[in-house]
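Fold and contact review
So the chains spell out like this:
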Amino acid sequence: MLDSAGNELIQTLATVSTVDPVDEILDTQMSRMMPQAGGEEPTLVTYHGQGVSSISYIAAMYYRIDDQPWQPLTPSDGVFDESLESFSLTIDPAALGPGQHHIQAYSVDAEGNVETSPASDLIVVAPSVQYVFLPL
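Figured I'd write up the structure that's included with this text. Computed from a prediction, not measured in an experiment: that's the story for all the values here.

Paired through their backbone hydrogen bonds, the strands of a sheet run either parallel or antiparallel. One open sheet holds the 3 strands; their spatial order is 1-2-5, and the pairing between them is antiparallel. Every interior strand has two partners, whereas the edge strands, strand 1 (26-33) and strand 5 (84-91), have only one. Strand after strand, the sheet turns through a mean of 20° between neighbouring axes, direction not considered. Bridging between strand 2 (residues 45-53) and strand 5 involves 8 bridges; their strand directions are antiparallel. Note that in strand 5 the partner of His48 across the bridge is Ser88.

Structure, rendered in structure tokens:
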């Protein structure tokens, strides 16, 4: 914007924030289940979650690891027919490389609304340490 003297105005006049209307309709949540104490390193990471629609029933749920393609999730009761659908997701860290991995899940309802803000978590896979013992 220029003023009458030709000076450019670079000051922010207003900040407008918008809320995606789908975020008001759909919500997916997931929680990482803690392994039971047993002294062993956990080999699998398990999530329990749910998708909720305020206007229809959940028609599909998906997850992905990092930027891999989205994969379908199966509801705990086996059928997408309710406004609240639960799911479980088990991930084998041994199948992932060392480092941080981003886990995401989202829901779609029967009206065709697709959640725009997926539930997410970050897991860290430690590099495996291998020992070689040589005779002396």
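On to the nonpolar core. The biggest cluster of nonpolar side chains holds 19 residues, and the ones touching the most others in it are Met30, Tyr47, Leu73, Leu89, Ile91 and Ile103. Where this core is concerned, the elements lending two or more residues are strand 1, strand 2, strand 3 (58-65), strand 5, strand 6 (99-109) and strand 7 (119-125). Per-element tally for this core: the top contributor is strand 3, with 4 residues.

We note that Asp66 has phi near 55°; this positive angle belongs to a residue other than glycine. Position of Asp66 relative to the elements: it lies in the loop between strand 3 and strand 4 (71-72). Judged by its relative accessible area of 25%, Asp66 falls in the partly exposed class.

Within strand 3, 6 of the 8 residues are buried, which leaves the element mostly enclosed by the surrounding structure. Note that strand 3 and strand 6 share 7 bridges and pair antiparallel. Within the sheet, the bridge partner assigned to Met61 lies in strand 6 and is Ser107. Where strand 3 meets strand 4, 2 bridges bridge the pair, whose relative direction is antiparallel. In the strand pairing of strand 4, Tyr63 is matched with Gln71. Taking the residues between adjacent antiparallel strands as the criterion, strand 3 and strand 4 are bridged by 5 residues, where Asp66 takes a positive phi near 55°.

About the criteria used
- Residues numbered from 1 in each chain as written.
- Predicted model: local features only at pLDDT ≥ 70, side-chain atom pairs only at ≥ 80, totals over all residues.
- Heavy atoms only, no water.
- Pairing = 2+ DSSP bridges.
- Helix = DSSP H or I, 4+ residues; strand = E, 2+ residues; numbered from the N terminus.
- Axes fitted to C-alpha atoms, helices over the stretch in contact; angles between N-to-C directions.
- Core = buried A, V, L, I, M, F, W, Y, C linked by side-chain atoms within 4.5 Å.
- Buried < 20%, exposed > 50% of the residue type's maximum accessible area, 1.4 Å probe, protein only.

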